[in-house]
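Below, each chain spelled out in residue letters.
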Amino acid sequence: MNLMENHKKIFKTDKPIIGCVHLTALPGTPHYDPSVSFKEQVKRARREIVALQQAGFDAIVFANEGDRPYLSKVGPEIIAAYTRIVSQALDVVEIPYGCGVLVDPYAAISIAKAIDASFIRAYISGVYADMCGLTVYHPGDLMRFKRNIGAEKVNIYCYCDAHGGTSLDTRSQSDMADTAFSVLDPAGVLVPGQHAGLAPDFSEVEQIKKRFADKPIMIASGVTPDNLKEALRISDGMVVGTYVKKDGILWNEVDPERAKRFIDAAKG
């Protein structure tokens, strides 16, 4: 099966619109609120899942977005809390789902294996100077770990450029994607903007897609109803977070009306 066929198999559509279910800050992180119980976290996750599904999103991706600033290696308390919350919310999930752990790909693969997620979004290679400090990824070690825990069915959608920083690899994102597809065997490549809610350069996305016509290239941030049609034309899907939140603020809960407005613009 080629990558485009696999992409369609995962999401049941050619150009999935993936909505984000962001967990609030987990124990031990700077914004953690101990007055918010795990049961309340589960209820919020369920509300967001239902809102995105009822709006018509094709898939969802969980993430520990509230844990800012992020660590390249999270502790066991994060993995335990994340897995508990998501596992207890999965009973309302009716569409494909994945997960991400900011910014620890080992944790993402481990949790994906535990919750039967079909994909993750993650950095798996490169060196980045960014808001998290100097972050270095070793794909050889990571891929051996993935195989050793039996997570071969977890599809990786990877970044090839910094989302809020600078890659120390000075090649074009297109050339980095070429190496990724040649060596790392990702399910697809995500093209990010410089921060959440900011779109990437669409001309660059289009160039990358033209170069890799037979491979999934998705937009990782910044899609709104205003640029949605162009985003769908030049890519193989997108991850949507900021726009669908109440008042368009990343840390807020999903707004069912904004979520529906987005899908109406995409499919109406």
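Scroll up a little and you will see the structure.
The structure displayed is predicted, hence computed values, not measured ones.

**Thoughts on the overall build of the protein chain**
Right, so step 1: Helix and strand counts for the protein chain stand at 9 helices and 11 strands.
Right, so step 2: Taking 2.2 N^0.38 as the reference for a compact globule, 268 residues should give roughly 18 Å; the C-alpha atoms of the protein chain span a radius of gyration of 17 Å, in line with that estimate.
Right, so step 3: In terms of principal-axis extent, the alpha carbons of the protein chain reach across some 50 × 45 × 35 Å.
Right, so step 4: Residues classed as buried in the protein chain amount to 53% of the 268 residues present.
Right, so step 5: Restricting the contact set of the protein chain to residue pairs at least 6 apart, pairs at least 24 apart contribute 70%.

**A closer look at the pattern of salt bridges**
Right, so step 1: If you walk through the whole model with that rule in mind, you get 14 salt bridges.
Right, so step 2: Asp178 is paired through a salt bridge with Arg211; the nearest N and O atoms lie 3.5 Å apart. Here the residue Asp178 occupies a position in helix H6 (residues 173–184), and Arg211 occupies one in helix H7 (residues 202–211), the gap between them amounting to 33 residues.
Right, so step 3: Since its relative accessible area comes to 40%, Arg211 is described here as partly exposed.
Right, so step 4: Across the pair Glu206 and Arg233 runs a salt bridge, and its minimum N-O distance is 3.0 Å. In this pair, Glu206 is assigned in helix H7 and Arg233 in helix H8 (residues 228–234), connecting sequence segments 27 residues apart.

**Let's talk about H6**
Helical periodicity: at 3.6 residues per turn, an α-helix aligns residues three or four positions apart in one direction.
Right, so step 1: Gln173, Ser174, Met176, Ala177, Ala180, Phe181 and Leu184 are the residues of H6 that are buried. Each buried residue of H6 sits inside an arc of 160° when the element is viewed along its axis, so together they form one side. Residues of H6 that are exposed and point over 90 degrees away from its buried face: Ser182 and Val183.

**What about unusual backbone geometry?**
Right, so step 1: Looking along the chain, the bond that leaves Arg68 and enters Pro69 is cis, with omega of -15°.
Right, so step 2: Here Pro69 is to be found in the loop between strand S2 (59–63) and helix H3 (76–89).
Right, so step 3: The step from Leu102 to Val103 runs through a cis peptide bond, and the omega angle for that step is -15°.

**Description of the packing of H3 against helix H4 (residues 105–115)**
Right, so step 1: Close contact between H3 and H4 brings their axes to 10 Å; oriented N to C, the two are set at 35°. For H3 against H4, the interelement crossing comes out right-handed. Across the interface between the two elements, Ile79, Tyr82, Thr83, Val86 and Ser87 from H3 touch Ala107, Ile111, Ala114 and Ile115 from H4.
Right, so step 2: Across the contact of H3 with H4, the residue classes tally to 7 nonpolar, 2 polar and no charged.

**What about the environment of Lys209?**
Right, so step 1: Along the polypeptide, Lys209 turns up in helix H7.
Right, so step 2: Separated by 20 residues in the primary sequence, Lys209 and Val189 have C-alpha atoms spaced 9.9 Å apart.
Right, so step 3: Once you skip the residues sitting within four places of it in the chain, Lys209 turns out to touch Met4, Lys215, Ile217, Ile234 and Asp236.

**Comments concerning H7**
Right, so step 1: Every buried residue of H7 is listed here: Phe202, Val205, Ile208 and Lys209. Along H7, the residues classed as buried sweep out an arc of 120° about the axis, all on the same side. Seen from the buried face of H7, the exposed residues on the opposite side, beyond 90 degrees, are Gln207 and Lys210.
Right, so step 2: In this fold, the buried residues of H7 make contact with helix H1 (3–11), H6, strand S9 (188–191), strand S10 (217–219) and H8.

Conventions and cut-offs
Counting restarts for each chain: residues are numbered from 1 in the order of the written sequence. A pLDDT threshold of at least 70 governs which residues receive local features in this predicted model, and a stricter bar of 80 or more applies before side-chain atom pairs are shown or counted, although totals over entire chains, interfaces and linings include all residues. To obtain the side-chain values, all non-hydrogen atoms of the structure were included, while hydrogens and water were left out. Only runs of H or I of at least four residues qualify as helices and only runs of E of at least two qualify as strands under DSSP, and these elements are numbered from the N terminus. Just to be clear, the radius of gyration here is over C-alpha atoms, and the globule rule we use is 2.2 Å times residues to the power 0.38. Think of it in three bands: with a 1.4 Å probe and only protein chains considered, a residue is buried below 20% of the maximum accessible area for its type, exposed above 50%, and partly exposed in between. Throughout, a residue-residue contact means that at least one pair of heavy atoms, one from each residue, lies within 4.5 Å. Only one rule defines a salt bridge in this text: a Lys or Arg side-chain nitrogen within 4 Å of an Asp or Glu carboxyl oxygen. Note that the arc is defined by the directions from the helix axis to the C-beta atoms. Every angle, taken between N-to-C directions, lies between 0 and 180 degrees, and every axis is a line fitted to C-alpha atoms, over only the stretch in contact when it is a helix. Two helices that cross are described as forming a left-handed crossing if the nearer one is turned anticlockwise from the farther one by less than a right angle, and a right-handed crossing if clockwise. Under this grouping Gly is polar, as are all residues other than the nonpolar Ala, Val, Leu, Ile, Met, Phe, Trp, Tyr, Cys and Pro and the charged Asp, Glu, Lys and Arg.

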